[in-house]
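# Structure assessment
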Amino acid sequence: MHFPFLPAEEFFEREHFPWLEEIEAQTDVIRSELLAILADRDEQFRPYIDMPAGTPDNKWSSLNHSLAWGALHLWKDGQRDDDICRRAPRTAAAVEALPLSDLPGRTPTVFFSILRPGTHLPAHTGVSNLRSIVHLPLIVPEGCRFRVGGDTRSWEVGRAWVFDDTIDHEAWNTSDELRAILIFDVWNPYITPIERDLLRSFYDATVSMGEGSNALIAVGE
């Protein structure tokens, strides 16, 4: 869904999200839980790009079924994965304390995102401006950068930003080390509380009618 007439800002000003410092203060704890998962032989990261057989070649083909861009979801399309949250309990608690986007059957989505060395995510756009995407950098070697529209930045460990992923964006890891961030979605700051209530009611009705799996709001990077 596209919400009309919202300001199109590449990176939102921090003042819209007064809780950013709270989640930034949890960076060390969150990173330690991620490192424990990565050290486990039974790590459950999955390829972020998972196109069905027969999909025509496209810009994502080189990343299809590849852990070059891997994801481990704590929440996906509004559903909490209790098993994964038990493996990162303090991360789950820190995120649950935030004003996440909460559209029935759609959001929140919360996941650890990893880019292997030499990985480039081609320019792409998200599918809905109802929510904004938060990046909390956890592991950032030299040579990692992120572009939204005409603004290209380098991640800094423990320094979060929030952006509009309906604006063309792409990511690079040109280093020889792993890059990892925590990604989650919150409401677009320009949508009012009354509008949020109306949107929840709308999506709740679509889920009740059995349409919950037809139009998921994907959250990417």
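Overview of the structure. Quantities reported herein were computed from a predicted structural model and do not represent experimental measurements. (Residues numbered from 1 in each chain as written. Predicted model: local features only at pLDDT ≥ 70, side-chain atom pairs only at ≥ 80, totals over all residues. Heavy atoms only, no water.)

### Details of the overall build of the protein chain
When you go through the protein chain residue by residue, the secondary structure sums to five helices and 11 strands. The C-alpha radius of gyration computed for the protein chain amounts to 17 Å, which stays within 12% of the reference 17 Å derived for 221 residues, consistent with globular compactness. In terms of principal-axis extent, the alpha carbons of the protein chain reach across some 45 × 45 × 40 Å. Of all 221 residues assigned to the protein chain, the portion counted as buried reaches 48%. Carbon and sulfur atoms provide 50% of the accessible area of the protein chain, an area that totals close to 10500 Å². The centroid of the 20 positive side-chain charges in the protein chain is displaced by 3 Å from the centroid of its 35 negative side-chain charges. (Helix = DSSP H or I, 4+ residues; strand = E, 2+ residues; numbered from the N terminus. Rg over C-alpha atoms; globule rule 2.2 N^0.38 Å. Buried < 20%, exposed > 50% of the residue type's maximum accessible area, 1.4 Å probe, protein only. Areas by Shrake-Rupley, 256 points an atom, 1.4 Å probe, with all protein chains shown as cover. Lys, Arg positive; Asp, Glu negative; His and termini not counted. Charge placed at Lys NZ, Arg CZ, Asp CG, Glu CD.)

### Observations concerning the packing of aromatic side chains
Any two aromatic rings considered together are summarised by their centre-to-centre distance and by the angle between their planes. What the rule picks out here adds up to 15 aromatic pairs. With a centroid separation of 5.2 Å and an interplanar angle of 80°, the aromatic rings of Phe202 and Tyr203 are classed as edge-to-face. If you follow Arg153 out to its NZ or CZ, it ends over the ring of Phe11, 3.9 Å from the centre. (Phe/Tyr/Trp six-rings, centres within 6.5 Å; stacked < 30°, edge-to-face > 60°. Lys NZ or Arg CZ within 6 Å of the ring centre and 35° of its normal.)

### Re the side chain of His169
Topologically, His169 is positioned in strand S10 (residues 169–173). A polar atom in the side chain of His169 sits 2.8 Å from the backbone oxygen of Ile167. In this structure His169 touches Pro122, Ala123, His124, Thr125, Gly126, Phe146, Arg147, Val148, Phe163 and Glu221, once residues within four positions along its chain are discounted. (Polar contact = N/O pair within 3.5 Å; in protein donor to acceptor, adjacent residues only side chain to side chain. Contact = heavy atoms within 4.5 Å.)

### What to know about the sheet that holds strand S5 (residues 119–124)
Strand order across the open sheet formed by four strands is S5-S10-S7-S8, with antiparallel pairing between neighbours. Whereas interior strands pair on both sides, the edge strands pair on one side only; in this sheet they are S5 and strand S8 (151–153). Along the sheet, successive strands turn relative to each other by an average axial angle of 10°, direction set aside. Where S5 lies against S10, four bridges are found, and the strand directions are antiparallel. Each bridged residue has a counterpart across the sheet, and for Leu121 the counterpart in S10 is Ala171. (Pairing = 2+ DSSP bridges. Axes fitted to C-alpha atoms, helices over the stretch in contact; angles between N-to-C directions.)

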